[in-house]
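Structural description and commentary
Residue strings, one per chain:
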Amino acid sequence: MNKQIDGVSRAGNGSVAAAAPFLRIRNLVKRFGSFVALKDVSLDVTSGEFVCFLGPSGCGKTTLLRAIAGLDPQDEGTIEMGGRDVSHLPPAARDFGIVFQSYALFPNLTVAANVGYGLVNRRRPNSEINARVKELLALVGLSDQETKYPVQLSGGQQQRVALARALATSPGLLLLDEPLSALDARVRLRLRDQIKDLQRRLGVTTIMVTHDQEEAMSMADRIVVMNQGVIDQVGTPSDIYRHPTTAFVADFVGSMTFMDAEIAGPDGVRVGDLNLHCKDAKGFVQGSLVRLGLRPEEVRVRNLDSATQNKIDAKVLSLDFLGSFCRARLNPEAAPGITILADFSANLMRDLAVTEGQKLAIALPPESLRLFARG
Amino acid sequence: MSGAALSSDRGPALSGISRDALILRLGVAILVGWLLLTIAFPLWSLLSKSFQDGDGHFVGLKNYIVYFSTPTLFGSIYNSVWVAVVSTVIVIPIAFIYAYTLTRTKIPLKGLLYSAALLPLFAPSLLSAISLIYLFGNQGLLKGFLFGGSIYGPAGIVLAQVFYCFPHALIILVAALGLADARLYEVADALGTARPRIFWTVTLPGAKFGLINACFVVFTLVVTDFGIAKVIGGQFNVLATDAYKQVVGQQNFAMGAVVGMVLLVPAVAAFVIDRMVQRRQVALLSARAVPLEPKENKLRDWALTAYALVIAGLIVGVLGTAVWASFITYWPYNLSLTLKNYEFGTFDAAAWSPYFNSLKMAALAAIIGTAIVFTGAYLVEKTKVASGGRAIAHLLAMLPMAVPGLVLGLGYVFFVNAAWNPLNIFYGTLIVLVVNSVAHFYTVAHITALTALKQIDPEFESVSASLKVPVWRTFARVTVPICMPAIFDIAIYIFVNALTTVSAVIFLYGPGTKLASVAIVHMDEAGVTAGAAAMATLIVLTALAAKLLHVFLDRFVFMRLQAWRRR
Ligand SMILES: Nc1ncnc2c1ncn2[C@@H]1O[C@H](COP(=O)(O)OP(=O)(O)O)[C@@H](O)[C@H]1O
Ligand SMILES: [Mg+2]
């Protein structure tokens, strides 16, 4: 799988690559009956990193996480943790803490007993365990909730208890499966920062599963974008956003307008009757059919002059007010068949007094036009 | 982090987990072995016995040929089926209207009416037969109402079965009618559908599966019940009494085995149909169904209240007759009260010991059975080891539902009694009676435990593995406390049923381990009906006391111990 190895090595160019990977996954395959949930997945995670598995529901994120934990062992492939081959070890012989979507807190135990659950069987004096539990609860900001039972806590508090319990034994790897998805939006935003902050302070290698691209972008050092059992791309959030290697990634992370196009030359493409300059065209053979992608926020309206490349006239089909910006559907006059999405800031809307039905000169910057193989 | 000191070295954890998986595998192996030993092997013994002669030689279908060419024997099939069909036809409509009253009307005292209807569950089946004898028997109080007819025979059996089977049918029908989707009724109303038409086109089809299921359950109960036919059947032969006569009376084990195999047919059919019905029923009830809130309808509600009161009164009255009669000096001539019928020593050398044997047996079955069933269900539902073994265990656990007590009892006779079986030293001991009772009531207990376990977060085991806590520790500290209500439900279910059952244990008691329910049969056989009624009364009171204690503990004690359930 070229793409993945490529992704791995590309990520390796960063500063994190100096150390040997803490987690080394090679050629993982997982089947459920005849259905292949993971298809030859390889991935490296460096010590201290915060990695997000991102992808639509059902793409295999949880399956990969559970394979790493040893809860649902893979059918093929190897997993190394801290240089140790753990491919065939049971969960308890691996070194991780895990937080589930449901939190799986023990309802009949107090908050303190939940957090100390993994400590009790390590034959340590009670005083030491109590001190550790207090320390963990302080860490997640729940010092005053020790004696409560899980049902008496809010969703966000339960989530933090689960986090404290997972961290109690100081695991080398923290696994989080959609830890925020059961919470309402406001709590989710606050916990995002708290988890990220905690992870940075403890320096614990962390893998978080999410289907929320915004969550992944704001928390992860690196994002692993998954699609139907394969890793499509691995990279830093800005890397993934700016240089998506597949149309799927481009569409899933942020939004993108796609148009069918044909390579017209080393730096140009043709979309219907439109001829556009495009930096990305170099790698393609002239005449080949491709998909052209453009992020809505890259469409330019201001400061256009005669030297501006890819300047076209378009009609505003509709405007959707989305809070701090407006999403416009634009129809190029030279190519009536296609619709381009564009995000206009509230500022710009006011300055240019954009209205539906209006004609507008826009530019599609050549460096913003992304090309993807068709098919 | 100071926690570094607490992080474990990996050596012990490693060996710890292999021990974890090993113990779970061992647990599954023991479970499968236990279920094979207590359920599968006895049934196998019965099956093979029906193909052997008295000396244990294989004789092919010879026993079956003899059976079906002996009119007195296979005539019982006709008798059993006939009685069962009539009982079913009578009990289902009565129970359906009662269930409709409880679920679809706005009447007061629903809880009380439901409890009264469930009373027969706490008595041995033959209690209703004893009552009927007191009312309509040779010395019956109301004998005149029969105009010279006799209660001994099919009429008595049917009447007694109607009382005995009523709560079984009612539970199923209440569940079926309780599942209604209010939207269907709203649509029918909106379309201006007439009341009777709504009943025939919406209500009845909605309860269709419940009705089918109830019919088969009642039919099977009647065919396989032994106590009632024994007490009130007179000269009227049915399959259940045939099996008893062949084995206990004539020591003809081979023919007894054939009768047992015949008895298995309706029970297995009912079991299969129940499984199919349940599968359909799940599909029927969509997750978005809106529960039906009964609307007021004065006339209907008054009529149905009167109906329910009459039925509940009949049930309480009939069961009460036996209780009352047990305190009567000389029925029906001297109705003054006395306790002399409870001096069992005057009728039977065993005196009070059968009662205490029953108590001991039911308590042991409840304790041992609950432990085995719950641990077994945990292994089946919550572990990932030995998936083949767990599937087999589940299958075996579901088997007893399809096996009438009489058939299982016969199987135990052949299996435990066999000369080659080293376990035959246990024959006639309390241990066999306990084990047999646990096996007899395994399925319902198993399903109860599974249902409770399925409601627990499936990740508890994963969490405890990640925290390197052994699985049995989490089982004891988390799973069992959470499931306490279900565990007590199981225990009380096994206790009450072990206390009241006659059919399975009638073959298995030994000298010194005679049970109360068996003593009832013996006293009745000896013509000491008052003694039988007294013993039956003791059983009913004990079963009810256990149930009330359970309800009380549930309400007032466990709630306090389970502060964690409250917000
Ligand atoms: N135990 C299982 N049995 C069968 N199929 C499964 C099982 N677990 C997951 N799958 C399938 O594998 C795919 C990936 O599942 P999962 O990893 O849970 O996806 P997600 O990315 O949403 O976490 C899904 O199509 C799911 O239906
Ligand atoms: Mg998932």
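It should be emphasised that the depicted structure is a prediction, and the values quoted were computed from it without experimental measurement.

Observations concerning the site of ligand 1
Residue and element names in this part refer to chain A. Every residue lining ligand 1 is accounted for by Phe32, Phe35, Ala37, Pro56, Ser57, Gly58, Cys59, Gly60, Lys61, Thr62 and Thr63. In the environment of ligand 1, an oxygen atom lies 2.6 Å from a nitrogen or oxygen atom belonging to the backbone of Gly58. At 2.6 Å from an oxygen atom of ligand 1 is found a side-chain nitrogen or oxygen belonging to Thr62. Look at ligand 1: alone it shows 560 Å² of surface, and the protein chains cover 57% of it. Take the shell around ligand 1: its biggest share by element is three residues, from helix α2 (residues 61-69). A breakdown of the residues in the shell around ligand 1 according to their chemical character gives five nonpolar, five polar and one charged.

Some words on the sheet that holds strand β17 (residues 340-345) of chain A
Residue and element names in this part refer to chain A. Strands sit in the order β17-β16-β15-β18 across an open sheet of four strands; the sheet is antiparallel. Because the sheet does not close on itself, it has two edges, and the strands there are β17 and β18 (359-363). Here the average twist between neighbouring strands, direction ignored, is 50°. Where strand β15 (residues 311-321) meets strand β16 (residues 325-332), seven bridges bridge the pair, whose relative direction is antiparallel. Residue Ser318 lies in a different strand from β16, and its bridge partner there is Arg329.

Here we look at the domain arrangement of chain A
Residues and elements named next belong to chain A. The assigned domain composition of chain A is domain 1 (8-95 + 171-252) and domain 2 (257-373). One C-alpha centre belongs to domain 1, the other to domain 2, and the line joining them spans 34 Å. In this complex, domain 1 contributes ten residues to the contact, which on the side of domain 2 involves six residues. Around 650 Å² of area is buried between domain 1 and domain 2 when both sides are counted, 50% of it from carbon and sulfur atoms. Summed over the three residues of domain 1 that lose the most area to domain 2, namely Tyr241, Ala247 and Ala250, the buried surface amounts to 63% of that side. Taken together, the connections running from domain 1 to domain 2 amount to zero salt bridges. Joining domain 1 to domain 2, the criterion identifies four residue pairs in polar contact (both at pLDDT 80 or more).

Structural notes on the interface of chain B and chain A
With 36 residues of chain B in contact, the opposing surface of chain A contributes 42 residues. Where chain B abuts chain A, roughly 3,500 Å² becomes buried across the two surfaces, and 61% of that area is made up of carbon and sulfur atoms. The interface formed by chain B and chain A contains two salt bridges. Where Glu459 of chain B meets Arg66 of chain A, a salt bridge forms, and the shortest distance between an N and an O atom there is 3.1 Å. Linking chain B with chain A are five residue pairs in polar contact (both at pLDDT 80 or more). Those elements that provide at least two residues to the side of chain B that touches chain A are α1 (10-49), α19 (460-466) and α20 (471-482) of chain B. Class assignment for the residues of the side of chain B that touches chain A results in 18 nonpolar, eight polar and ten charged.

Side note on the packing of aromatic side chains
Applying the stated criterion to the full structure yields 29 aromatic pairs over all chains. Measuring from ring centre to ring centre gives 4.5 Å for Phe106 of chain A and Tyr117 of chain A, while their planes differ by 50°; the resulting arrangement is tilted. One end of the pair, Phe106 of chain A, is in the loop between β6 (96-99) and α3 (111-115); the other, Tyr117 of chain A, is in helix α4 (residues 117-120), with eleven residues separating them in the sequence. Classification of Phe106 of chain A as buried rests on a relative accessible area of 0%. An aromatic cluster is present here, built from Phe327, Tyr342, Phe344, Trp352, Tyr355 and Phe356 of chain B joined pairwise through their rings. Stacked on the ring of Tyr241 of chain A, the Lys or Arg Arg295 of chain A has its end atom at 4.0 Å from the ring centre. Its end group placed over the ring of Phe209 of chain B, Lys208 of chain B keeps NZ or CZ at 5.3 Å from the ring centre.

Quick notes on the side chain of Asp524 of chain B
All names here are of chain B. With respect to the element layout, Asp524 can be found in helix α22 (residues 516-525). Despite its burial, Asp524 pairs with no opposite charge; the closest candidate is Lys230, at 5.4 Å N-O. Excluding its chain neighbours within four sequence positions, the residues that come into contact with Asp524 are Lys230, Val231, Thr529 and Ala532.

What to know about the pattern of salt bridges
Scanning the entire structure with this criterion turns up 21 salt bridges over all chains. The residue Asp221 of chain A makes a salt bridge to Lys196 of chain A at a minimum N-O spacing of 3.5 Å. One end of the pair, Asp221 of chain A, is in the loop between α8 (213-219) and β9 (222-227); the other, Lys196 of chain A, is in helix α7 (residues 185-202), with 25 residues separating them in the sequence. Judged by its relative accessible area of 33%, Asp221 of chain A falls in the partly exposed class. Among the ionic pairs, Asp197 of chain A bridges to Arg201 of chain A, the shortest N-O distance being 3.7 Å. Note that Asp197 of chain A and Arg201 of chain A are positioned in helix α7 at a spacing of four residues, about one turn of the helix. Classification of Asp197 of chain A by relative accessible area gives partly exposed; the value is 37%. Judged by its relative accessible area of 54%, Arg201 of chain A falls in the exposed class. Among the charged side chains, a network of salt bridges with common partners joins Arg66 and Asp72 of chain A together with Lys384 and Glu459 of chain B.

Remarks on the domain arrangement of chain B
The parts lose accessible area when they come together, and the size of an interface is often stated as this lost area. Residue and element names in this part refer to chain B. By the assigned domains, chain B splits into domain 1 (20-49 + 355-565) and domain 2 (64-325). On the side of domain 2, 33 residues touch domain 1, which itself brings 35 residues to the contact. Counting each side, the surface lost to burial between domain 1 and domain 2 is near 3,000 Å², with a carbon and sulfur contribution of 80%. Counting across the interface, domain 1 meets domain 2 through one salt bridge. At the surface where domain 1 touches domain 2, the tally comes to three residue pairs in polar contact (both at pLDDT 80 or more). Broken down by element, the residue count for the side of domain 1 that touches domain 2 peaks at eleven residues, all from helix α23 (residues 529-561). Tallied by class, residues from the side of domain 1 that touches domain 2 come to 26 nonpolar, five polar and four charged.

The rules we used
Residues numbered from 1 in each chain as written. Chains lettered and ligands numbered in written order. Predicted model: local features only at pLDDT ≥ 70, side-chain atom pairs only at ≥ 80, totals over all residues. Heavy atoms only, no water. Near = heavy atom within 4 Å. Polar contact = N/O pair within 3.5 Å; in protein donor to acceptor, adjacent residues only side chain to side chain. Areas by Shrake-Rupley, 256 points an atom, 1.4 Å probe, with all protein chains shown as cover. Helix = DSSP H or I, 4+ residues; strand = E, 2+ residues; numbered from the N terminus. Nonpolar A, V, L, I, M, F, W, Y, C, P; charged D, E, K, R; others polar. Pairing = 2+ DSSP bridges. Axes fitted to C-alpha atoms, helices over the stretch in contact; angles between N-to-C directions. Domains from an automatic or database assignment. Contact = heavy atoms within 4.5 Å. Buried area = accessible area lost by both parts, 1.4 Å probe. Salt bridge = Lys/Arg side-chain N within 4 Å of Asp/Glu carboxyl O. Phe/Tyr/Trp six-rings, centres within 6.5 Å; stacked < 30°, edge-to-face > 60°. Buried < 20%, exposed > 50% of the residue type's maximum accessible area, 1.4 Å probe, protein only. Lys NZ or Arg CZ within 6 Å of the ring centre and 35° of its normal. Lys, Arg positive; Asp, Glu negative; His and termini not counted.

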